[in-house]
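Geometric and topological summary
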Amino acid sequence: MSGATGDKLLRDRAAIVGIGATEFSKHSGRTEIQLGVEAILQALADAGVDPADVDGMATYTMDNNPEIELHRLIGGRSLRFFSRAHYGGGAACAPVMHAAMAVATGVADVVVVYRAMNERSGFRFGQGGLLTEDPNAFETVDFGWYFPQGLMTPAAWIAMFAQRYLHETDATDEDFGRVAVGGRDFAATNPRAWFHRQPITLEEHRDSRWIAEPLRLLDCCQESDGAVALVVTSAERARDLKQPPALVRGASQGAADQQRMMTSFYRRSLTGLPEMGVVADNLYRMSGLAPADIQAAILYDHFTPFVLPQLEEFGFCERGAACEFLREGHHMRGGKLPVNPHGGQLGEAYIHGLNGVAEAVRQVRGEAVNQVAGLEHVLVTAGTGVPTSGLILGAA
Amino acid sequence: MSKVEAHIDLSAYLGGDRGPYTSWDPVNRPMIRHWCEAMGDDNPIYRDDAAAREAGFDGIVAPPTMLQAWTMRGIREQRPPGSDARDPFEVLTALENMGYKAVVAVNCEQEYLRYPGEGDRLYYRSTIESISEQKRTALGVGFFVTELSTYFNQRDEAVATMRFRVFKFAPHERPGAAPSGEGGPSRPAAVTRMRPVRNRDTAFFWEGVDAGELRIQRCQGCQTLRHPPAPACPECQSLDWDHIRASGRGVLYSFVTMHYPEIPPFDYPNLIALVELEEGTRLVSNLVGVSRRDVRIGMPVQLEFSEVEPGFRLHRFRVLGGD
């Protein structure tokens, strides 16, 4: 592919060197700004980096907290770089990519990536509301094709794809349950997880109430209050810091094939995730790795059905065969590709996917609570059903 | 907030078998007629013996959704003779005494097993199926309580079940809430469906709906049809477009049965369709004329229009071969 020089410029040039997070709860009792400050200071302490050295900030467009305010409150001096990635949870890996690009090119030295939200006790994404009041905003006009009919929530938008996926493949709604059972099993042994010590069975999944058929309650991730922060710096600087670095082997954003935000209902096929295919191709090419080189995957699991086409887009199984992969238990504890060993957003917390990136760092360091043995490379993906992003991290 | 204890053991209130709770009247024609008139239900099996017999019944039957109407206590809240004197929902009284003063009905699920026929005497038995952990919601702190009622006829045949869930709670204090002053409490505006934005790119579509036709945008450069509308053709980038009128025939490409959250003013479960029109474009619409258990991808569907709210027309699709 022409212009595909990202591998030379970015592979192994930047590293995540610090991680921090608040507790994950349903009611933090403090402002999102405070959650952000707490997580960032913890991440900087973890990295052994002086807050005064932070000269870059990156986050999601949906984050309510200004870069400048958080930077001011942590004791930053000046900012040389700040950027945001759009499309909700599809941003989860993108700010890390932006940060890696900034430090690899010398635009910044130390970039903090953050996501802080009171999504449960404050504004809840699943209640069916507009994100903007502006009647002329593109998204307001676009929602006009769905809101008058009552198709108003992320679960409902994804259910439209899930129903078609069930129709065209051998998967059943029980396979969606297998994703939930796997995540909750990992969460059960993760003390940071909201669902610590609360595993579920396939029967409990089957008996949970309908949200948006074919999605049940236990197909939907939780809603959480909390914050996660990461510190990104150059691979060179990372050598002198406290923690073993998690090198960015590959990073990409992705959008493709009649892309829309949550409602790409007009594509020839609704059973794949072409935007994730773009990310997969880029990550493998940039990193020089193949599916067999990945020992664990953090797959975005706001809703279970989209975990299946992610396994397919990344080549962990044939197209349409993710159900077989799940039935054989490869995604489970001890499987050949443990998926979401922190419990995912189904089990640990819904911090818009940034807690998944933090887990990937712990897996690379070898300090995760459900550590995958012999791990060399871990894949992380961002929100599905929307323009998205992804990362492959590995040890130095 | 009222003072409430953090950990309360309510397990003593779980389960139980209370009842019977009987009806004041047998299933009867006048009440059925009033109900059907109020609901706008013209199904003849509820009023015409001949039509009911043709449908396989002995005579007219009652609409299943009348279920609760038969066993209601009436305005004086007196139970009919032969009823269990105990309160089926005594856990609510207990919670009230613990400081959870407020209550709100959360949802109600009914399952119908047989039609009640004229002359049937219905009764129900009640059990408390579940009591949640203490939950914090936007309203306050409290407990979700689910009562399962099973309805029987005089032959003790089960007619229906009903799960009724309430939230019994201590409201959050609202520092900003002023006591209702002069003029009395203000009436909240009725919740309506979002009106789609009509801008230069989309107005032709909604004007078509107003006029009772479904329009599909067509590129004048390459004749490609597209939906949702946009100012440029993604195939040839032409900014010139007009529209054609869809035939109204299509097939169900995918669908969602929406249950939660129950966002006003929609009825739930809400059947939402992704229809592939015979012209080739797809659009999201509502689906009627089919029970949610019988919906299948690939079903042929036909366009119709409905005034969903006064002055607001919308397209929707009816399953062909349905009722």
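This text gives an overview of the structure that appears in the document. (Residues numbered from 1 in each chain as written. Chains lettered and ligands numbered in written order. Predicted model: local features only at pLDDT ≥ 70, side-chain atom pairs only at ≥ 80, totals over all residues. Heavy atoms only, no water.)

Re the overall build of chain A
Just so we agree on the cut-off: Secondary structure counts use DSSP, requiring at least four H or I residues in a row for a helix and at least two E residues in a row for a strand, with both numbered from the N terminus. To sort residues, take the accessible area from a 1.4 Å probe on protein chains only and compare it with the maximum for the residue type: under 20% means buried, over 50% means exposed, and anything in between is partly exposed. By definition, residues are in contact when any of their heavy atoms lie within 4.5 Å. What sets the accessible areas is the Shrake-Rupley method with a 1.4 Å probe; for residues, cover comes only from the shown protein chains. We treat Lys and Arg as the positive residues and Asp and Glu as the negative residues; His and chain ends play no part in the count. Charge positions come from single atoms, namely NZ of Lys, CZ of Arg, CG of Asp or CD of Glu.
A count of helical and extended segments in chain A gives 14 helices and 11 strands. Within chain A, buried positions represent 66% of all 396 residues. A fraction of 76% describes how many contacts in chain A between residues 6 or more apart in sequence connect residues 24 or more apart. Of the roughly 13,700 Å² of accessible surface on chain A, a fraction of 51% belongs to carbon and sulfur atoms. A distance of 2 Å separates the average location of the 34 positive side-chain charges in chain A from that of its 47 negative side-chain charges.

Some points on the pairing of strand 6 (residues 158–171) of chain B
All names here are of chain B. Here is the rule: The pairing criterion for strands is at least two bridges between them, as found by DSSP.
Extensive coverage of strand 6 is indicated by the burial of 10 of its 14 residues. In terms of strand pairing, strand 2 (residues 102–112) meets strand 6 through 10 bridges, oriented antiparallel. Note that in strand 6 the partner of Glu 109 across the bridge is Arg 163. Pairing analysis gives 13 bridges linking strand 5 (residues 140–152) to strand 6, with the strands arranged antiparallel. Looking at strand 6, one finds that Val 145 is bridged to Val 166. In this structure, the hairpin formed by strand 5 and strand 6 is closed by a connection of five residues, where Asp 156 is found at a positive phi of approximately 60°.

Topic: the packing of aromatic side chains
Residues and elements named next belong to chain A. What counts here: Pairing of aromatic side chains here covers Phe, Tyr and the six-membered ring of Trp, requires ring centres within 6.5 Å, and sorts the geometry by plane angle: under 30 degrees stacked, over 60 edge-to-face, intermediate tilted.
A full pass over the atoms with the stated rule returns 21 aromatic pairs over all chains. Each ring, one from Phe 123 and one from Phe 125, has its centre 6.0 Å from the other, and the planes form 55°; the classification is tilted. Here Phe 123 falls in the partly exposed class, since its relative accessible area comes to 47%. Ring centres of Tyr 146 and Phe 265 lie 5.8 Å apart, and the angle between their planes is 85°; on these two criteria the pair is classed as edge-to-face.

Side note on the sheet that holds strand 3 (residues 81–85) of chain A
All names here are of chain A. Let me state the cut-off plainly: Interaxial angles span 0 to 180 degrees and are taken between N-to-C directions of axes, which are lines fitted to C-alpha atoms, for helices over the stretch in contact.
Strand order in the open sheet formed by nine strands is 3-2-4-7-1-8-11-10-9, with mixed pairing between adjacent strands. Sheet topology places strand 3 and strand 9 (296–298) at the edges, where each strand pairs with a single neighbour. Averaged over neighbouring strand pairs, the angle between their axes works out to 25° when direction is ignored. By the bridge criterion, seven bridges tie strand 1 (residues 14–21) to strand 7 (residues 225–234) in an arrangement that is antiparallel. Directly across from Ala 21, in strand 7, lies its bridge partner Val 228. The strands touched by helix 2 (residues 32–47) are strand 1, strand 2 (56–60), strand 4 (110–118) and strand 7; relative to strand 1, the strand with the most contacts, the crossing angle is about 130°. On the sheet, helix 4 (residues 94–104) packs against strand 1, strand 2, strand 3, strand 4, strand 7, strand 8 (246–254) and strand 11 (388–395) and is oriented at approximately 155° with respect to strand 3.

As for the sheet that holds strand 8 (residues 225–226) of chain B
Residues and elements named next belong to chain B. Spatial strand order, 8-7-9: three strands in an open sheet with antiparallel pairing. The strands lining the two open edges of the sheet, one partner per strand, are strand 8 and strand 9 (241–245). Contacts between helix 5 (residues 203–210) and the sheet are confined to strand 7 (215–219) and strand 9, with strand 7 contributing the most and set at about 145° to the helix.

Notes on the interface of chain B and chain A
Put simply, the rule is: Accessible-area loss on putting two parts together, using a 1.4 Å probe and summing over both, is the definition of buried area adopted here. Each reported salt bridge corresponds to a side-chain nitrogen of Lys or Arg within 4 Å of a carboxyl oxygen of Asp or Glu. Counting of polar contacts relies on pairs of N or O atoms within 3.5 Å, with two restrictions inside protein: one atom must be capable of donating a hydrogen and the other of accepting it, and residues adjacent in sequence are counted only when both atoms are side-chain atoms.
Contacts between the two partners involve 37 residues from chain B, matched on the other side by 38 residues from chain A. Regarding the contact of chain B and chain A, the summed buried area is about 3,400 Å², with carbon and sulfur atoms giving 64% of it. The three residues of chain B that bury the most area against chain A are Met194(B), Tyr260(B) and Val284(B), which together make up 18% of that side's buried surface. Counting across the chain B and chain A interface gives one salt bridge. A salt bridge links Glu213(A) to Arg292(B); the shortest N-O distance between them is 2.7 Å. For the pair chain B and chain A, the number of links is 16 residue pairs in polar contact (both at pLDDT 80 or more). The set of elements that each furnish at least two residues to the side of chain B that touches chain A consists of helix 5, strand 10 (249–258), strand 11 (270–277), strand 12 (282–288) and strand 14 (312–319) of chain B.

Observations concerning helix 10 (residues 274–287) of chain A
Owing to its 3.6 residues per turn, the α-helix brings residues three or four apart onto one side. Residues and elements named next belong to chain A. Note the following rule: Take the residue count of a helix, subtract one, and multiply by 1.5 Å to get its expected span.
Taking 1.5 Å of rise per residue, 14 residues should cover 20 Å, and helix 10 covers 20 Å from first to last C-alpha, within 8% of that figure. Counting buried residues in helix 10 gives 10 out of 14 residues, a clear majority hidden from the surface. For helix 10, the set of buried residues is Glu 275, Met 276, Gly 277, Val 279, Ala 280, Asn 282, Leu 283, Tyr 284, Met 286 and Ser 287.

Describing unusual backbone geometry
Here the amide bond leading from Tyr260(B) into Pro261(B) is cis, since omega sits at -5°, within 30 degrees of zero. Along the chain, Pro261(B) falls in the loop between strand 10 and strand 11. Cis geometry marks the peptide bond from Pro264(B) to Pro265(B); its omega dihedral reads 5°. Secondary-structure assignment places Pro265(B) in the loop between strand 10 and strand 11. Phi at His352(A) is positive, roughly 55°, even though this residue is not glycine.

Geometric values such as these leave the question of function open.
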